[in-house]
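Understanding the architecture of this molecule
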Amino acid sequence: MKLAQVARRFLPGFLVQWIYFVRFRAMVSPRAEVEVSGHARFGRGTVISSFTKIKISGPFVTGRRVQIASNCFIEVGAGGLTIGDDVLVGPLCGIVTTNYRYERLGVPMFEQGTTSHGVTIGDRAWIGAGVTILDGATIGPDAIITAGSVVTHDVPACAIVQGSPAQVVFRRR
């Protein structure tokens, strides 16, 4: 069993909360499930709410004053996840930074391996409730992703996007 798996199973929530507060001055709910990892760098004032699960196996960096609401699932693969300053992530969001390979027919997906390009979210972005962000997406600064959208590609700065897949519906000026 890997050290990360052991730590995830046996470290109580209050200890994880204490570790990230002492290291980064980040507030992690004791009811959140955040892996303790050397890959994680939280900005001062980052808040991770209850029942959010964050699996970290690649670089995970948040800016200052990032707020991640309840019941989110964030999986950080080798490509990493970078979140800028003052980003709001609504409840029930999913951010996935890996993807299964699928080139070979007749071979189970889990035997074909994975790829990870990473996800970047710019400063002051607002990610609405129930949004899904998939591997390879870059969200520009000051963008707004409306509730329930699925982001599969890049979102320009100052854009408001909605839908599945998310499309630009308005440009903020």
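Just above sits the structure.
All of the points below concern the structure found in this document. Given the structure is predicted, the values throughout are model-derived calculations rather than measurements. (Residues numbered from 1 in each chain as written. Predicted model: local features only at pLDDT ≥ 70, side-chain atom pairs only at ≥ 80, totals over all residues. Heavy atoms only, no water.)

Structural notes on the sheet that holds strand β9 (residues 81–83)
The parallel open sheet is built from 5 strands, whose spatial order is β3-β6-β9-β14-β17. The sheet terminates laterally at β3 (40–41) and β17 (138–139), the two strands that pair on one side only. Both strand β14 (residues 119–121) and β17 contribute to a ladder of 2 bridges, which runs parallel. If you follow isoleucine 121 over to β17, its bridge partner there is isoleucine 139. (Pairing = 2+ DSSP bridges. Helix = DSSP H or I, 4+ residues; strand = E, 2+ residues; numbered from the N terminus.)

Notes on a nonpolar patch on the surface
A contiguous nonpolar surface patch, about 450 Å² in accessible area, is contributed by Trp18, Phe21, Val22, Met27 and Val47. By residue number, the principal contributor to the nonpolar patch is helix α2 (residues 13–24), which donates 3 residues. Following the sequence through the fold, valine 22 ends up in helix α2. Given a relative accessible area of 42%, valine 22 falls into the partly exposed group. (Patch = residues over 30% accessible without salt bridge, like charges linked within 9 Å, V, L, I, M, F, W, Y side chains within 5 Å. Areas by Shrake-Rupley, 256 points an atom, 1.4 Å probe, with all protein chains shown as cover. Salt bridge = Lys/Arg side-chain N within 4 Å of Asp/Glu carboxyl O. Buried < 20%, exposed > 50% of the residue type's maximum accessible area, 1.4 Å probe, protein only.)

Observations concerning the pairing of strand β21 (residues 167–171)
Where strand β20 (residues 159–162) lies against β21, 4 bridges are found, and the strand directions are antiparallel. The partner of glutamine 162 across the bridge, within β21, is glutamine 167. Counting the residues that bridge the hairpin from β20 to β21 gives 4 residues, and of these glycine 163 lies at a positive phi of roughly 105 degrees.

Let's talk about the sheet that holds strand β19 (residues 150–151)
With parallel pairing, 6 strands are arranged side by side in an open sheet as β2-β5-β8-β11-β16-β19. Whereas interior strands pair on both sides, the edge strands pair on one side only; in this sheet they are β2 (33–34) and β19. Where strand β11 (residues 94–96) and strand β16 (residues 132–133) come together, 2 bridges link them in parallel fashion. Bridge pairing in β16 links isoleucine 95 to isoleucine 133.

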